[in-house]
Amino acid sequence: MTRQLAIAQTSWTWAMEHEFYERGREKAQQGDLEGAIQEFEQALQINPEFADAYYKRGLARFDLGDCHGAIADYSQALQVNPEHLDSYLGRSLAQLAQGEAQASLEDAQQVIQIDGNHGAAYKLQGTAYRRLGKTKEAIASFKQAAKLYLDQKDKDNCQSCLESIKQIQSAQIQAASAAETQKYLTQVINKLQRGKHREALEDCQWLLQVAPNDARAYCYRGIIRSKLGNLRGAMEDLGRAMQLEPNDIQVRHYRGRVRIELGDYRGAIADFTQLLEVQPENSQFYVCRGQAYSKLGDYRQGIEDYSRGLTIQPNDPQIYYHRAAARADFQDYQGAADDYQQAANLYFEKQDWQKYNQALNQQKQQIAKAEAEIKKRSAKLNRKDIFINQERQIRFNARVDRELQQQLLRMVGGYWDVAARLIEIAKKKYPGMPENWYLQKVIDDLERDR
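Residues numbered from 1 in each chain as written. Predicted model: local features only at pLDDT ≥ 70, side-chain atom pairs only at ≥ 80, totals over all residues. Heavy atoms only, no water.

Engineer: Talk me through the side chain of D339; I want residue IDs and the actual numbers.
Structural biologist: Assignment of secondary structure puts D339 in helix 18 (residues 333-350). Polar contacts involving the side chain of D339 include one to the side chain of R323, which spans 2.7 Å. A distance of 3.0 Å separates the side chain of D339 from the side chain of R327, its partner in a polar contact. Dropping the residues within four chain positions of it, D339 is found in contact with Y320, R323, A324 and R327. (Helix = DSSP H or I, 4+ residues; strand = E, 2+ residues; numbered from the N terminus. Polar contact = N/O pair within 3.5 Å; in protein donor to acceptor, adjacent residues only side chain to side chain. Contact = heavy atoms within 4.5 Å.)

Engineer: Lay out the packing of aromatic side chains with the relevant residues and their values.
Structural biologist: Considering all chains together, one arrives at eight aromatic pairs under this definition. Centre to centre, the rings of Y55 and Y74 are 5.9 Å apart; their planes meet at 40°, and the pair counts as tilted. In this pair, Y55 sits in helix 3 (residues 51-63) while Y74 sits in helix 4 (residues 67-80), placing the two residues 19 residues apart along the sequence. Y74 matches Y55 in its accessibility class, with the two residues each being buried. Measuring from centroid to centroid gives 6.3 Å for F272 and F285, while their planes differ by 40°, and the two rings are tilted. Of this pair, F272 sits in helix 14 (residues 265-278) while F285 sits in helix 15 (residues 283-296), and the two are 13 residues apart along the sequence. One aromatic cluster is present, built from ring pairs that chain together Y21, F40 and F50. Here the guanidinium or amino end of R421 rests over the ring plane of F330, the centre of that ring lying 5.9 Å away. (Phe/Tyr/Trp six-rings, centres within 6.5 Å; stacked < 30°, edge-to-face > 60°. Buried < 20%, exposed > 50% of the residue type's maximum accessible area, 1.4 Å probe, protein only. Lys NZ or Arg CZ within 6 Å of the ring centre and 35° of its normal.)

Engineer: An account of the nonpolar core is requested, with residue identities and associated values reported.
Structural biologist: Counting 34 residues, the largest nonpolar core has L408, V412, L422, V442 and L446 as the members making the most contacts within it. The set of elements that each furnish at least two residues to this core consists of helix 16 (299-312), helix 17 (317-329), helix 18, helix 19 (353-382), helix 21 (402-411), helix 22 (416-429) and helix 23 (435-449). The residues touching V412, leaving out its near neighbours within four places in the chain, are R300, E304, V418, A419, L422 and L446. In terms of nonpolar packing, the next biggest core, distinct from the first, is built from 26 residues, A128, F142, A146 and L148 among them. (Core = buried A, V, L, I, M, F, W, Y, C linked by side-chain atoms within 4.5 Å.)

Engineer: Residues and numbers for the environment of A60, please.
Structural biologist: On the secondary structure map, A60 appears in helix 3. Residue classification places A60 among the buried residues on the basis of a relative accessible area of 4%. Once residues lying within four places of it in the same chain are set aside, the contact partners of A60 are L33 and I37.

Engineer: I'd like a description of the side chain of D316, backed by residues and values.
Structural biologist: Counting through the fold element by element, D316 comes out in the loop between helix 16 and helix 17. No salt bridge is formed by the buried D316. Its closest oppositely charged neighbour is K350, at 6.8 Å. Dropping the residues within four chain positions of it, D316 is found in contact with Q284, L310 and L346. (Lys, Arg positive; Asp, Glu negative; His and termini not counted. Salt bridge = Lys/Arg side-chain N within 4 Å of Asp/Glu carboxyl O.)

Engineer: Tell me about the packing of helix 5 (residues 85-97) against helix 6 (residues 101-114), residues and numbers included.
Structural biologist: The interhelical angle for the contact between helix 5 and helix 6, taken along N-to-C directions, is 160°, at an axis separation of 7 Å. By the criterion of interaxial angle, the relationship of helix 5 to helix 6 is roughly antiparallel. The two elements helix 5 and helix 6 meet at a crossing, and its hand is left-handed. Together, L85, Y88, L89, R91, S92, Q95 and L96 of helix 5 and A101, A103, S104, D107, A108, Q110, V111 and I114 of helix 6 make up the contact between the two elements. For the contact of helix 5 with helix 6, a count of residues per class yields nine nonpolar, four polar and two charged. (Axes fitted to C-alpha atoms, helices over the stretch in contact; angles between N-to-C directions. Parallel < 35°, antiparallel > 145°, perpendicular 65-115°, else oblique. Left-handed = near helix turned anticlockwise from the far one by under 90°. Nonpolar A, V, L, I, M, F, W, Y, C, P; charged D, E, K, R; others polar.)

Engineer: Mind laying out the environment of R23, listing which residues take part and the relevant values?
Structural biologist: Within the secondary structure, R23 is located in helix 1 (residues 2-29). Given a relative accessible area of 35%, R23 falls into the partly exposed group. The spatial distance from the C-alpha of R23 to the C-alpha of G35 is 9.0 Å, given a sequence separation of 12 residues. A polar side-chain atom of R23 sits 2.6 Å from a polar atom in the side chain of E19.

Engineer: Help me get a handle on the environment of L150, residues and values and all.
Structural biologist: By secondary structure assignment, the location of L150 is in helix 8 (residues 135-151). According to the relative accessible area criterion, L150 is exposed, its value standing at 58%. In this structure, the C-alpha to C-alpha distance between L150 and G119, residues 31 residues apart in sequence, is 9.5 Å.

Engineer: Which residues make up helix 3, and what are the values?
Structural biologist: Here helix 3 is 13 residues long and its end C-alpha atoms lie 19 Å apart, about the 18 Å a rise of 1.5 Å per residue gives. Taken together, the buried positions of helix 3 are occupied by A51, A53, Y54, Y55, R57, G58, A60 and R61. Of the residues one or two after helix 3, G65 is the one with positive phi, at around 90°. (Expected span 1.5 Å × (residues − 1).)

Purely geometric stuff here, so don't read any function into it on its own.
Here you go:
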């Protein structure tokens, strides 16, 4: 009687777990994945060794996007049944979705060891190899999968495997073509660096016939054309390169430089401003924008950009040289002389004697201009004693408004040498006024010009 009762209990348990299992399958087919998971959990509470229930719950979790939970269920099913092929395949797919190509490959290979004629396993193996960059092995796996699917008369999966092979081979051809293009571009760059501009231009012309949408080829042809004096042609090429690669820093850099040569200073400023948003610590972008501002006649902004460049590259003599030229144009002759001296010192350290002498000659010219300006101003003041008295009053009695000083300093980006130059200009135009009057005058002029 006891044995019959045990048999009956077992039969009832089996019936209950399979009833929950079948309900889960039905709900999964109807798209009620959450409900299906609950049914499979009921089945597993009755029988924790129910491998198919673990597998089905893993499928539902995977379809809900829970790859981690799916992998846990597939692994549990495999603990119960180490030859549960569907669980190996399910876990392989979930691992692939999580970017774990090596683990996915190992599960697919485990299926193939158990069943060497399993098309889906070969297909998964091919996908995993492809993700790992092993194209030769991937093609072999997809070929075997296609053959097995063909034998099974599974046209869709067979076609899918053949398409994967075609994609890999196409990518290999493109990679080989890209490698050849890069090799050819390297030759162009070498000729460009050696000053063989005509030969480099001919090479670019040929390369663009072979690869008409290669942004780098347009970029280098633009650079070569600019060096040959064909600035309009250079802009056309660099513009085309920008269309093909709108975020290419090198292309925008050279386009900005050509725009300066063409006199399109505002366009150059726009290019270098965008580049500085991407690379705010690139001193050369500040230098180029400073050149554009200076060419535009905005010497104050040009000096500010050169100064920013020097905060990044404080030992670059060329930046001092550029800032000196801008200061000279701004009639800050003493500031220009100081910068030319600093440039000369740095050229001396580099033993660049030609540029060292050039900087010293420029410094002498600026010192002469500064001295002439001082004499001119002094003579003008001597003719009007009232201005001398007012200057003395400013020097000894006036108290500078610190708030006005700070306001002006903020308006010129923190560069007091720029502020001092503006104040000096105001003093030349309106001599004898109180110090605070000059501060307010410069502030008002800056606000008006904005």
